[in-house]
Amino acid sequence: MTCEAPLRKGRGTVFVQTKICKGCSYCIDFCPAHCLEFSRDFNSRGYHYPVLVRSEDCTGCDLCGLYCPDFAIFGAKFKDLEGQNQSVMP
Amino acid sequence: MDPELESPLMPYLRQDRMPHIWCPGCGIGTTVNCFVRALMESGLNLDQVAVVSGIGCTGRVAGYLKLDSFHTTHGRPIPFATGLKLANPGLKVVVYSGDGDLFAIGGNHFVHGARRNMDIMVICVNNYTYGMTGGQAAPTTPLGAVQTTMPFGNFENPFNLPFLADACGAVYVARWTVYHVRQLARAMKEGLAKKGFVFIEALSPCPTLYSRRNRLGDGVDQLKYYKAKSIIKDGADTKEVGLSFQGEIIVGKFVDRERPTWLESMDKHYSSVFGEKYKPYGAAYAKA
Amino acid sequence: MTGVHFIDGDQAACEGALAAGCRFVAGYPITPSTEVVERFASRIPLIGGLFIQMEDEIASSIAIQGAVWAGKKVMTVTSGPGLSLMMEHVGFAAITETPCVFVDVQRGGPSTGLPTLPAQSDMMQVKWGSHGDYEPIALSPNSPQECFDLMINAFNLAELYRVPVFFMMDEVVGHMTERVVIPEASAIEVAERRWTGKPPGEYRPYEANDDLVPDMVKAGDGYRIHVTGLTHDERGYPTMHPAGQKKLVERLVGKIRHHRERLVDVRMDGLDDAEVVLVSFGITSRVAGPAMEEARQRGGRVGHLRLVITWPFPSSLLRKLAKHVKAFVVPELNMGQMVLEVERAVAGKAQVISVPHPGGTVHEPEDILQKILEAAR
């Protein structure tokens, strides 16, 4: 799982289940803040998956999550994560 | 390492069957994404929601949703859903199937389901093709598009689905594309709350077959086309919303009207015929 | 409806279904079956249930299955051309193990044929008509009284074995008016659906009991089941490999094959010392009876075996009889269908003589008598 949360720059972050991503690029192309890009790495099925490269721009709007046909990515606002799952917080 | 966090939508899916079989860039998954969000916001008791699909790529939706789900025969989800709903009107029944399944082999059933105003929601993922079987022409394939059974380009006139639905009496008719995720999810939410025959057409890419054979790029390229060429016209005359090959796409909520459902008509009629002696059928299943 | 009635087979069949607990019918008009659903349509509003006339037989045959999964006991009613249309859904009922009753009021065929006249030419079709391997149950009433009585058996068998059950009437049985006694409801044994006792999470839709039949649930009870026409495993999930196919199909046919001795329902007359045995079913048995009596009066040692359950075919009974019987005479209103089963079971140990008939009317007793006399020679 890729998570840029520890850097805590933007208002939100994304969580990617890299194993089930099929590299379709919807999230990357339709992220309003253009903060996702393909990884250099690929998963066991041979797909490149999205990586949050400009975490300071991520608002946690979850549009990526809404587009994803594979339910492999979702976005969340930090303020919503607080109190939910402490382990993802720095 | 941080723990794997899965999408909050996962509990609504049969996780033991993920990842699903749809191709990379196939929009069906996105429509399911919208549908799950609509379910989450609908306030419905999900034990009472049933999904019925036919055969085809979109027909596989039933197998991935963690609801009472029925993967029936080709073209026949609507009559199955009719039986399911009428036998237990307390269920919220959603038919989720593809353009070929619902409008070629299933065309007759669509017409009658709408005519009767069966209280079911029909989500049609229209990818202009028969995907599962390798990309044959469908009744929605635009003129000129190449498909395996129209190898020199389609010369057969396609359906204008919202027009058909409207003409048959559907009470809610909307078309969105999988680019319009927010609107699609909202339409599905409205559809779930609506009484009567609801029809939502969701245009989706089929990158492996329709797009590839017509050199339209991949899924994202189709979404970019949807974005560029869609025009939102709520309340448009459904006669005018026909589609053409890579042409303008009119999207929006076209029809939203009230009509008594089949069961309501039945109960009302029998009450007037039999008076006190008749116990309304729907009453036995009325939600508390 | 308790009491003595003077009604025809179609009417009695409808009453039988109601008595068995049938509360949902989806149908389509087709001669000579239409009266069954017409009566149901007029009776059901005040009983509490539903009838819907669908747009075709294909829709009817799948709508009833939707209703089953919402908890109802169901039936659809048709004749030859409609049955042909329903075949795909017979297979769907078989693989999803959806209990339902298909009433076929047989008429002259093939194709549009003779809509208002009898035949018994759909017998093989109900056994083999859908693609793939499956084992249906079929019953053949020979009177309006049996249309009532056996209909209850049909529903009970459907629930017990979770298979499609065929009620093979014909135009004469359907349209003949006779005395029908309807007993008190408390005297009628109605089998309930085999609901599971397991909670959601523990229940698996296609995990069979020792009798090879799984317990059932209905939509809306929180089980979140998946039902598919694809080959599936115990969870109901598609399994696309030979091992899954073997496990499922062997169990589906096993459900009936392993219990075929329990599924024998025949009426025997004079078989103990018979030299020639008439094998008949449905309306033909009413003609075969007098032919047998006449042959006996002429000194023949003739017995009559009437099949009430025609599928599964009572092979072992025929095999047993073949040991001491000289010949079987099989009159049927078709060009030779169930006679093939008799031949198969008898396996050459006795003569098997077909008395075919293209349909349109019943046999002349004389024609059956001739074959009996020939066989006895």
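Everything quoted here is computed from the prediction, not taken from an experiment.

The structure contains two pairs of chains in contact, of which chains B and C account for the largest number of contacts. Regarding chain A and chain C, the two do not touch, and the least distance separating their C-alpha atoms is 19 Å.

With that settled, the discussion passes to helix 12 (residues 365–376) of chain C. Residue and element names in this part refer to chain C. Over its 12 residues, helix 12 extends 16 Å from the first C-alpha to the last, a length consistent with the 16 Å expected when each residue adds 1.5 Å. Restricting attention to buried positions, one finds in helix 12 the residues Ile368, Leu369, Lys371, Ile372 and Ala375. On an axial view of helix 12, the arc spanned by its buried residues comes to 165°, and they lie on one face. Elements in contact with the buried residues of helix 12: strand 12 (276–281), helix 9 (284–297), strand 13 (302–307), strand 15 (327–331) and strand 16 (351–355).

As a further point, take unusual backbone geometry. For the peptide bond that leads from B:Met18 to B:Pro19, omega is 0°, which places it in the cis range. Looking at the element boundaries, B:Pro19 is found in the segment before helix 1 (28–42). Looking along the chain, the bond that leaves C:Gly109 and enters C:Pro110 is cis, with omega of 0°. Mapped onto the fold, C:Pro110 is located in the loop between strand 5 (100–108) and strand 6 (114–118). Although it is not a glycine, A:Phe71 sits at a positive phi angle of roughly 55°. Relative to the elements of secondary structure, A:Phe71 occurs in the loop between helix 2 (63–67) and strand 4 (73–77). In the Ramachandran plot, C:Glu97 falls in the positive-phi region, its phi being about 55° despite a non-glycine side chain. Take C:Glu97: there are 21 C-beta atoms within 10 Å of it, and that puts it in the buried class.

About the thresholds
- Residues numbered from 1 in each chain as written.
- Chains lettered and ligands numbered in written order.
- Predicted model: local features only at pLDDT ≥ 70, side-chain atom pairs only at ≥ 80, totals over all residues.
- Contact = placed C-beta atoms within 7 Å.
- Helix = DSSP H or I, 4+ residues; strand = E, 2+ residues; numbered from the N terminus.
- Expected span 1.5 Å × (residues − 1).
- Buried ≥ 20, exposed ≤ 12 C-beta atoms within 10 Å, placed from the backbone.
- Arc of directions from axis to C-beta.

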